[in-house]
Amino acid sequence: MKIETTAIHAGRGIDPATGAVAMPIYLSSTFERDPDGEYARGYAYSRERNPNRAALEKCAAALEGGKEALAFASGLAVLTALIQGLEPGDHILAPDDVYYGFRKVLGGVFAKWPLEVTYVDMTDLDAVRAAARPATRLVWIETPSNPLLKITDVAAIARLAREMNAISVCDSTFATPVLLRPLEHGIDMVMHSTTKYFGGHSDVVGGALIAKHDSYLFERARKAQQHGGAVPSPFDCWLTLRGIDTLPYRVRAQSAHAQLIAGFLAAHPAVERVHYPGLATHPGHAVAKEQMSAFGGMLSFQVSGSAEAAIAVAAKVQLFTRATSLGGGHSLVEHRASVEGPQTRTPPNLLRLSIGLEHPDDLIADLEQALAQ
Ligand SMILES: *Cc1c(COP(=O)(O)O)cnc(C)c1O
């Protein structure tokens, strides 16, 4: 089945009780026990299992070609659940330009835990090999990365992780299963901040973890979800699933428009550099072309001059909204260094764009007037 069809049908069907085409929202926290004491209908209590969450999980698993999925209350709740499943003394390999919230979770929430993390350039396979330790149990990648859109060779990392006897997890939030299917390249688990493209309308926060096969880490993440309670609400799951209906069409349009906008910016005299894997000049272009079907709706660029020059451009846009996050219908612009704080490694004159669903001509006109001196 093609992904457009999976996105509409997987995990849900016509409601047998009423014929409702759109799935009802099951707000009930508790479900009736059968006279024999069993729960033949599959639901007992909504922390452990809820029909809307089950539908979202089935659909997310189908979209990634995974065996099973777990939905969480946020993208970072997925990371938290996975880290909670590690053993004292375990070592994690993560990208040096990992989503900044990752460092906040490892350095903040788990600061007192006896875990070791090495941040390494995942595009340098020799560096990854050299950073491996006997205790390495988790190899985390993110591609394209945030905000420089660096591209990691997912098949190569999957092989290295297997050699290390570690579990590989790909944060595929930027790519979505429409553009990249990490499990087909040998990755063990995929995670998404469903807040972004899955939800797609900037109106719900959530996360998903999809496993290719059973593993102790996935089972422990399930316990963190069902017993630890890191669950999304039925309405959150319903909104996310409604967003998924249109995911393939949105992501393809956003990718096509981002490509046009990257081309426009690359030719603009007030732009120093554009980071977009769809440009032949991008260092990850060849790998991206090999493993992705298009290059995504995210890009960043450096305005010629200082941080102030970049902030001035962000102040002048009319259609783009100055806001964090990504993947919705509204195009967003963000000065990442301001968000990431003093420890940031992001160039100070960099602006990140999330291309929404407006017409690209209007977006280009907006950037043109904002970049004019
Ligand atoms: C937003 C984001 C996250 C965190 O997800 P939340 O839903 O905000 O918790 C993780 N990784 C990437 C790449 C993201 O963009």
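Quick notes on the site of the ligand
Alright, step 1. Lining the immediate environment of the ligand, one finds 13 residues, of which Leu76, Asp171, Ser193, Thr195 and Lys196 sit closest.
Alright, step 2. A distance of 2.8 Å separates an oxygen atom of the ligand from a polar side-chain atom of Ser193.
Alright, step 3. In the model, an oxygen atom of the ligand is placed 2.8 Å from a nitrogen or oxygen of the Lys196 side chain.
Alright, step 4. In isolation the ligand exposes 390 Å². Once the protein is present, 91% of that is buried.
Alright, step 5. Tallied by class, the residues present in the shell around the ligand amount to 4 nonpolar, 6 polar and 3 charged.

So, the environment of Arg322
Alright, step 1. Here Arg322 lies in strand E10 (residues 321-322).
Alright, step 2. The spacing of Arg322 and Cys59 is 263 residues in sequence and 32 Å in space, taken between C-alpha atoms.
Alright, step 3. Excluding anything up to four places from it in sequence, Arg322 contacts Ala314, Ala315, Val317 and Val333.

Regarding the sheet that holds strand E4 (residues 136-142)
Alright, step 1. Pairing is mixed across the open sheet formed by 7 strands, whose spatial order is E1-E7-E6-E5-E4-E2-E3. Edge positions in the sheet fall to strand E1 (68-72) and strand E3 (116-120), since each has one partner strand and no second. Pairwise comparison of adjacent strand axes, ignoring direction, gives a mean angle of 20° for this sheet.
Alright, step 2. Sheet topology places strand E2 (residues 91-95) next to E4; 3 bridges connect them, and they run parallel. Looking at E4, one finds that Ile92 is bridged to Leu138.

Some remarks on a nonpolar patch on the surface
Alright, step 1. A surface patch of nonpolar side chains, about 290 Å² in accessible area, is lined by Ile25, Leu27 and Phe235.
Alright, step 2. Note on placement: Ile25 falls in the loop between helix H1 (3-9) and helix H2 (51-64).
Alright, step 3. A relative accessible area of 34% places Ile25 in the partly exposed class.

Description of the domain arrangement of the protein chain
Alright, step 1. As far as domains go, the protein chain holds domain 1 (3-244) and domain 2 (247-371).
Alright, step 2. For the pairing of domain 1 and domain 2, the buried interface totals around 2900 Å² over both sides, and the portion due to carbon and sulfur atoms is 63%.
Alright, step 3. The largest contributions to the domain 1 side of the interface with domain 2 come from Ile151, Leu179 and Tyr197, which together make up 25% of the buried area.
Alright, step 4. Linking domain 1 with domain 2 are 2 salt bridges.
Alright, step 5. Between Arg345 and Asp96 there is a salt bridge; the shortest N-O distance is 3.8 Å.
Alright, step 6. Our count for the contact surface shared by domain 1 and domain 2 stands at 13 residue pairs in polar contact (both at pLDDT 80 or more).
Alright, step 7. For the side of domain 1 that touches domain 2, the secondary structure elements donating two or more residues are H1, helix H4 (100-109), helix H7 (176-179) and helix H9 (234-245).
Alright, step 8. Per element, the largest residue contribution to the side of domain 1 that touches domain 2 is 4 residues, and it comes from H7.
Alright, step 9. Classifying every residue of the side of domain 1 that touches domain 2 by side-chain character gives 19 nonpolar, 11 polar and 6 charged.

Thoughts on the state of the cysteines
Alright, step 1. Evaluated as defined, the whole model comprises 0 disulfides.
Alright, step 2. No disulfide involves Cys170; its nearest neighbouring cysteine sulfur is the one of Cys59, lying 19 Å away.
Alright, step 3. Counting only cysteine sulfurs, Cys59 is the nearest neighbor of Cys237, a cysteine outside any disulfide, at a range of 12 Å.
Alright, step 4. When its relative accessible area of 0% is taken as the criterion, Cys237 is described as buried.

Points about unusual backbone geometry
Alright, step 1. Here the residue pair Thr143 and Pro144 is connected by a cis peptide bond, since its omega of -10° sits within 30 degrees of zero.
Alright, step 2. Note on placement: Pro144 falls in the loop between E4 and helix H6 (154-164).
Alright, step 3. A cis geometry characterises the amide bond from Asn146 onward to Pro147, with omega recorded as 5°.
Alright, step 4. Looking at where Pro147 falls in the secondary structure, it is placed in the loop between E4 and H6.
Alright, step 5. Of note in this structure, Ser202 is not a glycine but carries a positive phi near 55°.
Alright, step 6. Topologically, Ser202 is positioned in the loop between strand E6 (189-193) and strand E7 (207-211).
Alright, step 7. Phi is positive for Ser325, close to 80°, though the residue is something other than glycine.
Alright, step 8. Looking at the element boundaries, Ser325 is found in the loop between E10 and strand E11 (332-335).
Alright, step 9. The exposure class of Ser325 is partly exposed, given its relative accessible area of 24%.

Focus on H4
Since the α-helix turns once every 3.6 residues, residues separated by three or four places project in the same direction.
Alright, step 1. Among the residues making up H4, those that are buried are Gly101, Phe102, Val105 and Leu106. Down the axis of H4, the buried set is contained in an arc of 135°. They therefore lie on one face. Exposed side chains of H4 directed beyond 90 degrees from the buried face belong to Lys104 and Gly107.
Alright, step 2. Among the structural elements, helix H3 (75-84), E2, E3 and E4 are those in contact with the buried residues of H4.

Calculation criteria
- Residues numbered from 1 in each chain as written.
- Predicted model: local features only at pLDDT ≥ 70, side-chain atom pairs only at ≥ 80, totals over all residues.
- Heavy atoms only, no water.
- Near = heavy atom within 4 Å.
- Polar contact = N/O pair within 3.5 Å; in protein donor to acceptor, adjacent residues only side chain to side chain.
- Areas by Shrake-Rupley, 256 points an atom, 1.4 Å probe, with all protein chains shown as cover.
- Nonpolar A, V, L, I, M, F, W, Y, C, P; charged D, E, K, R; others polar.
- Helix = DSSP H or I, 4+ residues; strand = E, 2+ residues; numbered from the N terminus.
- Contact = heavy atoms within 4.5 Å.
- Pairing = 2+ DSSP bridges.
- Axes fitted to C-alpha atoms, helices over the stretch in contact; angles between N-to-C directions.
- Patch = residues over 30% accessible without salt bridge, like charges linked within 9 Å, V, L, I, M, F, W, Y side chains within 5 Å.
- Salt bridge = Lys/Arg side-chain N within 4 Å of Asp/Glu carboxyl O.
- Buried < 20%, exposed > 50% of the residue type's maximum accessible area, 1.4 Å probe, protein only.
- Domains from an automatic or database assignment.
- Buried area = accessible area lost by both parts, 1.4 Å probe.
- Disulfide = S-S within 2.5 Å.
- Arc of directions from axis to C-beta.

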